[in-house]
Amino acid sequence: MLECIYFFIIGAFVGWMLECVFKFFSKNFIRTPGILNTPFCILYGLGTVVLSVIINRITSNIWLLFLLSMVVLTTMEYVTFILLKKIYGIKLWDYKDMTFSINEKVCLEFGVVWGVLGALYIK
């Protein structure tokens, strides 16, 4: 259990750093994407726990890790989008301008990114 807490904290912080770097280079501005003005993105923390606890135990094949990471993390992103919109009425991201987006909630491009990051994290 303590291990899951470590995975969550590290994943949430690293995810926050990735979001900051992405926003800076893609939008040319610095915006802290954390929750309650903290350097943590909860979805990345949860994704890290899922990768560490579930996917890591399924396979060591890099291509299967990539595919599982892509599907699981993209699904988490989709569900999170729906919940945030339904409960709080907010959209924290919008993929409507992406080539292969699904209802503005997820897109193939970031699905591939999640797959690569997940496979690299596990390896």
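Peer 1: Can you help me understand helix α4 (residues 108–122) in this one?
Peer 2: Each turn of an α-helix holds 3.6 residues, which means side chains three or four residues apart point in the same direction. Over its 15 residues, α4 runs 21 Å from end to end, which matches the ideal 21 Å to within 8%, given 1.5 Å per residue. Taken residue by residue, α4 has Phe110, Gly111, Trp114, Gly115, Gly118, Ala119 and Ile122 as its buried positions. Where α4 is buried, its residues contact α1 (2–27), α2 (42–58), α3 (62–88) and β2 (106–107).

Peer 1: Where do I start with the pattern of salt bridges in this structure?
Peer 2: Oppositely charged side chains may form a pair once their charged atoms are brought near each other. Tallying each qualifying case throughout the model produces three salt bridges. Close ionic contact of Lys91 with Glu104 constitutes a salt bridge, the shortest N to O distance being 3.4 Å. Taken together, the residues Lys91 in the loop between α3 and β1 (101–102) and Glu104 in the loop between β1 and β2 connect sequence positions 13 residues apart. Residue Lys91 is classed as partly exposed on the basis of its relative accessible area, which comes to 40%. One salt bridge in this structure joins Asp94 and Lys96, with 3.7 Å as the shortest N-O distance. Residue classification places Asp94 among the partly exposed residues on the basis of a relative accessible area of 32%. Here the residues in one salt-bridge network are Lys91, Asp94, Lys96 and Glu104, joined through shared partners.

Rules and cut-offs
Residues numbered from 1 in each chain as written. Predicted model: local features only at pLDDT ≥ 70, side-chain atom pairs only at ≥ 80, totals over all residues. Heavy atoms only, no water. Helix = DSSP H or I, 4+ residues; strand = E, 2+ residues; numbered from the N terminus. Expected span 1.5 Å × (residues − 1). Buried < 20%, exposed > 50% of the residue type's maximum accessible area, 1.4 Å probe, protein only. Contact = heavy atoms within 4.5 Å. Salt bridge = Lys/Arg side-chain N within 4 Å of Asp/Glu carboxyl O.

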